[in-house]
Amino acid sequence: MFDLAFVWASLPGAGTPYASSLRPADDRQANRPAEAAASVDALCAEAPRLRRLVHRLLGMRAAANDLDDIVQDVLLAALRGRSGFRGDAKLSTWLTRIALRKAHNHARAAGLRERVFALFGQTPEVTQTSDAPPDERLAELQVAMRDLPHRDREVLVLRYLEQRDVVAIATLLDCSREAIDARLSRARKRLRTQLGHD
């Protein structure tokens, strides 16, 4: 479980009006359902699920400390933006959207790093977050998922690992259902190709 007390203290301007603006102005505001749902405790309770999601989205490439940094970024963004959480969706859906954006940004930055390394004839070190996969087929699948483009991995993770329905994925990614169906079809085809099951 993440402890955001140190994060709260490290926010820019901690102890200044900026930091106090993140807290409810009075008890009446704190009792709003959306504010209560986005409380620090509720956000921290979501951290393990968010870590698992980010780990899956990044294709098992990110080191453990990178995963923790990304999850911390997600929780900080949620904490800073909790006044914008209207309660129209579940807290977990709102946090998932933030996590998707943060993972996408991380994947984009990693792609840029790979291109810069390639310019100098080097390859960046790929880190593994687990010591050894329990079986050879799982290892093969992890490598194939890791090598997929982020957009493909994103829809496969949301559909098959997070077990979300197509409509929920469309909502999370701000796409039409048809677009998600097409992305899933292309992603499954690319994954089959990667695994050599054409």
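Residues numbered from 1 in each chain as written. Predicted model: local features only at pLDDT ≥ 70, side-chain atom pairs only at ≥ 80, totals over all residues. Heavy atoms only, no water.

(A) How the structure looks around the environment of Asp 73. Mapped onto the elements, Asp 73 comes out in helix α7 (residues 64-80). For Asp 73, a relative accessible area of 39% puts it in the partly exposed group. In sequence terms Asp 73 and Ala 99 are 26 residues apart; their C-alpha atoms lie 8.6 Å from each other. (Helix = DSSP H or I, 4+ residues; strand = E, 2+ residues; numbered from the N terminus. Buried < 20%, exposed > 50% of the residue type's maximum accessible area, 1.4 Å probe, protein only.)

(B) Focus on α7. Taking 1.5 Å as the rise per residue, α7 with 17 residues should run 24 Å; its terminal C-alpha atoms sit 24 Å apart, in good agreement. Considered for burial, the residues of α7 that qualify are Leu 67, Ile 70, Val 71, Val 74, Leu 75, Leu 76, Ala 78 and Leu 79. (Expected span 1.5 Å × (residues − 1).)

(C) Focus on the environment of Arg 164. Mapped onto the elements, Arg 164 comes out in the loop between α10 (150-161) and α11 (166-173). Sequence-distant contacts of Arg 164, defined by excluding residues within four places in its chain, comprise Arg 49, Thr 96, Leu 158, Arg 159, Ile 169 and Leu 172. Of the polar contacts made by the side chain of Arg 164, one reaches the side chain of Thr 96; its length is 3.2 Å. (Contact = heavy atoms within 4.5 Å. Polar contact = N/O pair within 3.5 Å; in protein donor to acceptor, adjacent residues only side chain to side chain.)

(D) Region of interest: the confidence of the model for the chain. Within the chain, residue pLDDT values average 75, and 68% of them lie at 70 or more. Put simply, helix α2 (residues 17-21) is where the chain has its lowest mean pLDDT, 35, and helix α12 (residues 177-195) is where it has its highest, 93. Counted against residues more than four places away or in other chains, residues 1-31, with its pLDDT under 50, gives 39 contacts. Low pLDDT (under 50) marks residues 128-133, which in the prediction has nine contacts with non-local residues, meaning those over four places away or in another chain. (pLDDT = per-residue confidence, 0-100.)

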